[in-house]
Amino acid sequence: MNGVAGMMRMPIALLFLAFLVLAGPARATMPAHESPQTDTDAEQFVLSNLTFALYHEMGHLLIDRFSLPVLGNEEDGADNIATILLLANGSETGNGLLLQVRQGWLGLAQAPSLSKTGGTELAAFLRPHSPDALRAGRIGCLLVGSHRDMFAHVALEMGLDEGGVARCAGRLGRMVQGWLRLRAAFMNRTSARSGAVPEPEAGTGETIRIVYDQQDAFADIREMMIQDRLLEKAARGVLAGYELERPVTLHAMACGTPNAFYDPSKGEIQVCYELGAQLLDLFPQLHRSRSRQQRISPRRP
Ligand SMILES: [Zn+2]
């Protein structure tokens, strides 16, 4: 650690603190592996991973709409935007959501046998991105960097020593600083002074349109998403408050593949019901895999 980096640590930490305070109060998050495995856990796993996929696609949209400079892989950039926004958006599920996403990637990376039962198609979604283990490591590092005590169990799992934790905090700080600079330079945050941004309603809005396609084959996934107000919450968490110039549609739909897309020509983000269905199938397998590999003994009610 050189002197300059040492000197930068404090301002960056303060900057991130200010970011979190602006975004809302931090909430304690119980490590997901301490919860009993229930249908609610499975739903939460699916919704968390769908939300992250949505945030990731909205990261692409922000990069596209505001011509944000991306140094390196845009996929990693979209992941980082999604992670920073979820860490800081003050939503009740933000931290827990990221833990679920990390576990999903970790599970896929540690359980190659899953590919026989759905992992193959899911791998198609992940292919343009960094490997699962790398994505899990990156998100884990940012979680630890955001709150070392709250995510001490993640640091332990990752084998991070004091220096590693400090490097993660530094990485997150630099990322947040970069994001805030980009936001200030490129994005016209129209409602920054008005405080709360209203959550858009499903249907046709002037700027943000939200659609959950009727689809009998995926009625359960659709209902889960509607009950959670998944698209509405994501629209509020990421898009509301920005001058988008052209309308954006968030579209839950059957696409014929378990994936999520950003279509710049249509101004549309598509989250496929198939991705939700596959995540639902995957959850018990990931849990069994984790239990075997980490000797987790979940408490039962
Ligand atoms: Zn992407």
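In what follows, the structure referred to is the one given above.
What counts and what doesn't
Residues numbered from 1 in each chain as written. Predicted model: local features only at pLDDT ≥ 70, side-chain atom pairs only at ≥ 80, totals over all residues. Core = buried A, V, L, I, M, F, W, Y, C linked by C-beta atoms within 7 Å. Buried ≥ 20, exposed ≤ 12 C-beta atoms within 10 Å, placed from the backbone. Helix = DSSP H or I, 4+ residues; strand = E, 2+ residues; numbered from the N terminus. Contact = placed C-beta atoms within 7 Å. Axes fitted to C-alpha atoms, helices over the stretch in contact; angles between N-to-C directions. Parallel < 35°, antiparallel > 145°, perpendicular 65-115°, else oblique. Left-handed = near helix turned anticlockwise from the far one by under 90°. Nonpolar A, V, L, I, M, F, W, Y, C, P; charged D, E, K, R; others polar.

Engineer: Hey, could you go over the nonpolar core for me, with residue numbers and the actual values?
Structural biologist: Residues Leu50, Leu54, Tyr55, Met58, Ala234 and Val271 are the most contacted members of the largest nonpolar core, which totals 65 residues. Ranked by the residues each element gives to this core, the list is headed by helix H2 (residues 39-65), at 11 residues. Setting aside residues up to four positions removed in sequence, leucine 54 forms contacts with Ala234, Ala260, Ile269 and Val271.

Engineer: Describe unusual backbone geometry, with residues and values.
Structural biologist: The residue arginine 229 is not glycine, and still its phi comes out positive at about 55°. Inspection of the secondary structure puts arginine 229 in the loop between helix H9 (219-228) and helix H10 (230-239). For arginine 229, a count of 16 C-beta atoms within 10 Å puts it in the partly exposed group. A positive phi is found at glutamate 245, a non-glycine position, where the angle reads about 70°. In this structure, glutamate 245 sits in the loop between H10 and strand E2 (248-253).

Engineer: If you had to explain the packing of H2 against H10 to someone new, which residues and values would you point to?
Structural biologist: At a minimum axis distance of 10 Å, the contact between H2 and H10 shows a crossing angle of 40°. Considering their axes alone, H2 and H10 lie oblique with respect to each other. As H2 packs across H10, the resulting crossing turns out to be right-handed. Residue-level contacts link Leu47, Leu50, Thr51, Leu54, Tyr55 and Met58 of H2 to Leu230, Ala234, Val238 and Leu239 of H10. Across the contact of H2 with H10, the residue classes break down as 9 nonpolar, 1 polar and no charged.

Remember that the coordinates give geometry; whether it matters functionally is a separate question.
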